[in-house]
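# Coordinate inspection notes
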Amino acid sequence: MTSFHHCVRKDSVNNSTRLQPKAKLMVLAPVFAALAACGGSDPASIDPASISLAEVETSVRPADYAPDTAATTAADAPVTDASPDGQSVADAPTTAADAPAAATETPTGNKSLASVTAVGGRDPLKQPFASNSIWNMPIGSGARFVRANLNSRPGNNIWAQMPGIDDEKIILKPTAPLVNINYSSAAWTGRNRCSATGGLMYQVPMPSNYVIPNTNKNSSAVFLMRDGRTLVQTQPVARCTAGGPATSFAKFSNVDLYDSGITGAHGGSGLSAIGGSIRLGELRPGTTTGPRHALKVNVYAKEALFRCTTRSACSRWPATTSDSYAVGWYGSATGNGNTAMKMGALLAIPGSTSITSLRLETTPAKQLAWTLQNYGAYIVDDTYAPGFDISAEDGPDGSKRAEFRRDWGFDMNQKVQGNTAWMRDIQRLMRALNVVDNNSPTSIGGGGTPRQPLAPAIAP
């Protein structure tokens, strides 16, 4: 695992933690991130009764973490209205998985796809990418399942997020004023992301009154450019003053709204910051089904993922990378030998599982169960702290968290300690999840007959 800039000393006074700087204090870091970095106790071994809630409100990345991207400096010309994948050669996709598929392409091996008719209409801004994109492809009858063995009490910690919400900044306003995104090295160090430390990275359309406060979260962002089809993605973004410039750290290759849309600004996997997100208008009252597309989740990689010994063994398709600290961190808490559980794994509830048998207590959980059985969810990031996260929209059009609260009367993000019906339902769903072990470019969702009709085709 990568090193931190400080260590901590735990004092059992009023259930609080006092942080003592080893060098210059960069940030009041959470206790278990610091303990792991300094060779102290694993957070999973800490007595939950002896720690405060604040101690598990952790950074989702080590302080010196850097995603694997083509560039993290402002050396390149700013992106304005470039066509998809129109950056420099260095920014172009480096693997076949990165290259967008044509909207009409039928993956070889999904032999029954041609006989499935897309029905109804589809708004590409609400459900982007091709009908056969990984984000829109249903689970197939040929899916081979392997148990995921997710711990529904991650890290055995009562303060674990269950679920946490990974808020994705989805900004699809191509006619909004162009805003400069300048380079900031703050990233996950805990320094203030509001202040730029370098030059121009991008110019993107963004409403003047839209603000993205400084946090230490993922803050993956996606912007729709003036041409109405180029998606620019970056991480972690901040814009602390309305009407002012924004900052970010990492650059990712552009993708086309109408193509496969596999890659993007989830630095732990290289996967999309918009595909798979729970959007505004989804998971709402009045329906028995959930979103008709795959979802995205973050897991506590230290126990949930395979204990890989080389970077190439830490991820699987469609992920194009893994966290830079993956070797030595993934699976290290449990000695996880499950080779199916890697970054990029497609999780799903097998069709043989009766949703009724899960004994879910809440309506939104029943909707999620439908989606997880019919489309699944991709592992796209590490929570780093004990928890289980779901990716959801947060942008100029509103926050999915706020919409969820208005609809259902309780918070979308909760903790194990709360022992609420929603939290218990998320745990039940976690325990029901398996890995679609034969998910591949030639058998997306496992191949065979899709469980649902393909999403209607879209065109510019």
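Note that the structure is predicted; figures quoted are calculated from it, not measured.

What the three strands build is an open sheet, ordered β6-β5-β9; its pairing is mixed. What marks the edges here is a single partner per strand, and that holds for β6 (200-205) and β9 (246-248). The average angle at which neighbouring strand axes cross in this sheet is 35°, direction not considered. Both strand β5 (residues 178-183) and β6 contribute to a ladder of five bridges, which runs antiparallel. Across the sheet, the residue bridging to Leu178 is Pro205, located in β6.

Turning our eyes to something else, we now look at the confidence of the model for the chain. The predicted coordinates should not be examined in detail at positions where pLDDT is low. Averaged over every residue, the pLDDT of the chain is 82; residues scoring 70 or more account for 76%. Of the regions scoring below 50 in pLDDT, residues 1-55 engages in 93 contacts with residues more than four places distant in sequence or in other chains. Within the model, the stretch residues 71-119 combines pLDDT values under 50 with 111 contacts to residues more than four positions away or in other chains.

Using the criterion set out here, one finds 14 salt bridges in the structure. A salt bridge links Arg229 to Asp256, with the shortest nitrogen-to-oxygen separation between them at 2.6 Å. Placement of Arg229 in the loop between β7 (221-224) and β8 (230-235) and of Asp256 in strand β11 (residues 255-256) is noted, with a sequence separation of 27 residues between them. Judged by its relative accessible area of 28%, Arg229 is partly exposed. For Asp256, a relative accessible area of 5% gives the class buried. Note that Asp437 is salt-bridged to Arg316, the shortest N-O span being 2.9 Å. Taken together, the positions of Asp437 in the segment after β18 (434-436) and Arg316 in the loop between α2 (301-304) and β14 (346-348) put the pair 121 residues apart, joining distant regions of the chain. On the basis of relative accessibility, which here comes to 15%, the residue Arg316 falls in the buried class. One connected set of salt bridges, linked through shared partners, spans Arg284, Lys400, Glu403 and Asp407.

Attention now goes to the nonpolar core. Counting 77 residues, the largest nonpolar core has Leu150 and Phe388 as the members making the most contacts within it. Once residues within four sequence positions are removed from consideration, Phe388 is found in contact with Leu150, Gln161, Met162, Pro163, Gly164, Val297, Asn298, Val299, Thr383, Ile426, Met430 and Leu433. Met137, Trp370, Val380 and Leu454 belong to the second largest nonpolar core, which has 29 residues in total.

Analysis parameters
Residues numbered from 1 in each chain as written. Predicted model: local features only at pLDDT ≥ 70, side-chain atom pairs only at ≥ 80, totals over all residues. Heavy atoms only, no water. Pairing = 2+ DSSP bridges. Helix = DSSP H or I, 4+ residues; strand = E, 2+ residues; numbered from the N terminus. Axes fitted to C-alpha atoms, helices over the stretch in contact; angles between N-to-C directions. pLDDT = per-residue confidence, 0-100. Contact = heavy atoms within 4.5 Å. Salt bridge = Lys/Arg side-chain N within 4 Å of Asp/Glu carboxyl O. Buried < 20%, exposed > 50% of the residue type's maximum accessible area, 1.4 Å probe, protein only. Core = buried A, V, L, I, M, F, W, Y, C linked by side-chain atoms within 4.5 Å.

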